[in-house]
Amino acid sequence: MTERGGLRERGWLVLLGRLLVGAIFVYAAMGKIGDPAGFARAVHNYRLLPLPLLHPFALLLPWVELLTGLALILGRLSRGAVVLCLGMTIMFTIAVGSALARNLDISCGCFHTDGGASVGLSLLLRDLALLAACVLLLLWRRSGGLGWGFLQRRS
Amino acid sequence: MTPEASGHGGVTIWRETGILLLVALLAATAAWALRTPRWPLRAQPVFYQQEWAAPLVTAGTALRLFHDGQHHFVDTRPLELPQAPHIPGAFSIRPTSFADDLLAASDFIFPEDAIVLYGTGNLAPVSSVAARFQERGYAHVVIMVGGLAAWRTAGGPVSGEAAHD
């Protein structure tokens, strides 16, 4: 009984984490899908991506964020969505860390294409927290489940 | 869990990942195709090289210019308090009140003078001030990267620090 109760609690945590991470990615995507040029400038500021890849990247990434976030919220294709979230968060963390190391005075470009939060230690810590959440979701995908099924009564 | 099941789960994860990526690619392609005018897929280097209105310099270089004594320093931050920390001798010329601020400093800053601009953590407003200077004939304008924080890290002096009780 205790083990089942523990699994149920974990299921709620996984659900909460999934909804939170999904909402973050959906919100991040909405500010960038309508302004690929602005997002491309923000990406270019990091001086990491070669110019030939800049525009395709700026076009594609917001849609990956949107669909990944929606998949997490709806609980569909959620395992794949967690993998994508993890990959994107690792990429963001590396980019922010690289900008910090090079002392680049730039805007994050995380949620807005015109200004927004500056690259700094707090931003890096925020990305690391998001990374931790994605890792936990990936590790708990079997025990807690990533879908809504854990809410069903077990016979 | 049997090895077969765990292997099947692994295949499922990558299949789901591939489906999401494929749908995202299709959605991005459709959004790009429907946008008018169509945004170029190839980034033009000239457009991105001219991103900032003036050359960028590090705080270390700016400190050297400060000690040389041949440059005016301009604070572009939207500060409300005149006693806020700033680089000694810097003039406050802000994007939102550029004309008025420049007029107030016109007895000290001339178009032939060399100017170092600095701001907050965002280069965009500093670059806009640099562009406005250039429009008025100021040809020797550079932008210090990193703002006051980088200046402090480089060991530059700061006026107007809050007094400790």
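Definitions and cut-offs
Residues numbered from 1 in each chain as written. Chains lettered and ligands numbered in written order. Predicted model: local features only at pLDDT ≥ 70, side-chain atom pairs only at ≥ 80, totals over all residues. Heavy atoms only, no water. Helix = DSSP H or I, 4+ residues; strand = E, 2+ residues; numbered from the N terminus. Buried < 20%, exposed > 50% of the residue type's maximum accessible area, 1.4 Å probe, protein only. Contact = heavy atoms within 4.5 Å. Areas by Shrake-Rupley, 256 points an atom, 1.4 Å probe, with all protein chains shown as cover. 1 Å grid on protein atoms, 1.4 Å probe; cavity = no way out; pocket = protein on both sides within 12 Å on 5 of 7 lines; lining within 4 Å. Points joined across faces, edges and corners; volume = space filled by probe spheres on them. Disulfide = S-S within 2.5 Å. pLDDT = per-residue confidence, 0-100. Pairing = 2+ DSSP bridges. Axes fitted to C-alpha atoms, helices over the stretch in contact; angles between N-to-C directions. Parallel < 35°, antiparallel > 145°, perpendicular 65-115°, else oblique. Left-handed = near helix turned anticlockwise from the far one by under 90°. Nonpolar A, V, L, I, M, F, W, Y, C, P; charged D, E, K, R; others polar.

### A few points about the overall build of chain A
- Of regular secondary structure, chain A possesses five helices and zero strands.
- Helices and strands in chain A line up, N terminus first, as α-α-α-α-α.
- For chain A, buried positions account for 46% of its 155 residues.
- A separation threshold of at least 6 residues defines the contact pool for chain A, and within that pool the share at least 24 residues apart is 72%.

### Quick look at the overall build of chain B
- Secondary structure summary: chain B contains six helices and five strands in total.
- Helices and strands in chain B line up, N terminus first, as α-α-β-α-β-β-α-β-α-β-α.
- Residue burial in chain B is summarised as follows: out of 165 residues, 40% are buried.
- The contacts in chain B between residues at least 6 apart in sequence include a share of 69% that link residues at least 24 apart.
- Split by element, the accessible area of chain B, about 9500 Å² in all, is 61% carbon and sulfur.

### Brief notes about the layout of surface pockets
All names here are of chain A.
- Within this model, the largest pocket holds a volume of roughly 560 Å³.
- Contributing to the lining of the largest pocket are 28 residues, with Glu65, Met91, Phe92, Cys110 and Asp127 lying nearest its centre.
- Ranked by residue count, the leading element in the lining of the largest pocket is helix α1 (residues 2-33), at seven residues.

### Some remarks on the state of the cysteines
- By the definition in use, this model includes zero disulfides over all chains.
- As a non-bridged cysteine, Cys85(A) has Cys134(A) as the owner of its nearest cysteine sulfur, 4.9 Å distant.

### Details of the confidence of the model for chain B
Residues and elements named next belong to chain B.
- Of the residues in chain B, 85% have a pLDDT of 70 or more, and the chain-wide mean is 84.
- The secondary-structure element of chain B with the lowest mean pLDDT is helix α2 (residues 45-49), recorded at 64, while strand β2 (residues 71-75) shows the highest, at 96.
- Confidence over residues 1-6 falls short of pLDDT 50; this stretch has three contacts with residues more than four positions distant or in other chains.
- In the predicted assembly, ipTM is 0.85 and pTM is 0.60.

### Topic: the sheet that holds strand β3 (residues 91-92) of chain B
Residue and element names in this part refer to chain B.
- Spatial strand order, β1-β5-β4-β2-β3: five strands in an open sheet with parallel pairing. Here the strands that pair on one side only, and so sit at the sheet edges, are β1 (56-57) and β3.
- When β2 meets β3, the two strands line up parallel, connected through two bridges. Across the sheet, the residue bridging to aspartate 75 is serine 92, located in β3.

### Quick notes on the packing of helix α3 (residues 51-74) of chain A against helix α4 (residues 78-101) of chain A
Residues and elements named next belong to chain A.
- Across the interface, α3 lies against α4 with an axial gap of 9 Å and an inter-helix angle of 135°. Between α3 and α4, the interaxial angle falls into the category oblique. Of the two elements, α3 crosses α4, and the hand of that crossing is left-handed. The residues of α4 that touch α3, namely those facing Phe57, Leu61, Val64, Glu65, Thr68, Ala71 and Leu72, are Ser78, Ala81, Val82, Leu84, Cys85, Met88, Met91 and Phe92.
- Here the residues of the contact of α3 with α4 are counted per class, giving 12 nonpolar, two polar and one charged.

### Description of unusual backbone geometry
All names here are of chain A.
- The backbone of leucine 77 shows a phi angle near 50°, a positive value even though the residue is not glycine.
- Relative to the assigned elements, leucine 77 resides in the loop between α3 and α4.
- Under the relative-accessibility criterion, leucine 77 is labelled partly exposed at 30%.
- At asparagine 103, a residue that is not glycine, the phi angle is positive and equals roughly 55°.
- With respect to the helices, strands and loops of the structure, asparagine 103 is situated in the loop between α4 and α5 (121-139).

### Some words on the environment of Val14(A)
- Inspection of the secondary structure assignment puts Val14(A) in helix α1.
- With a relative accessible area of 1%, Val14(A) lands in the buried category.

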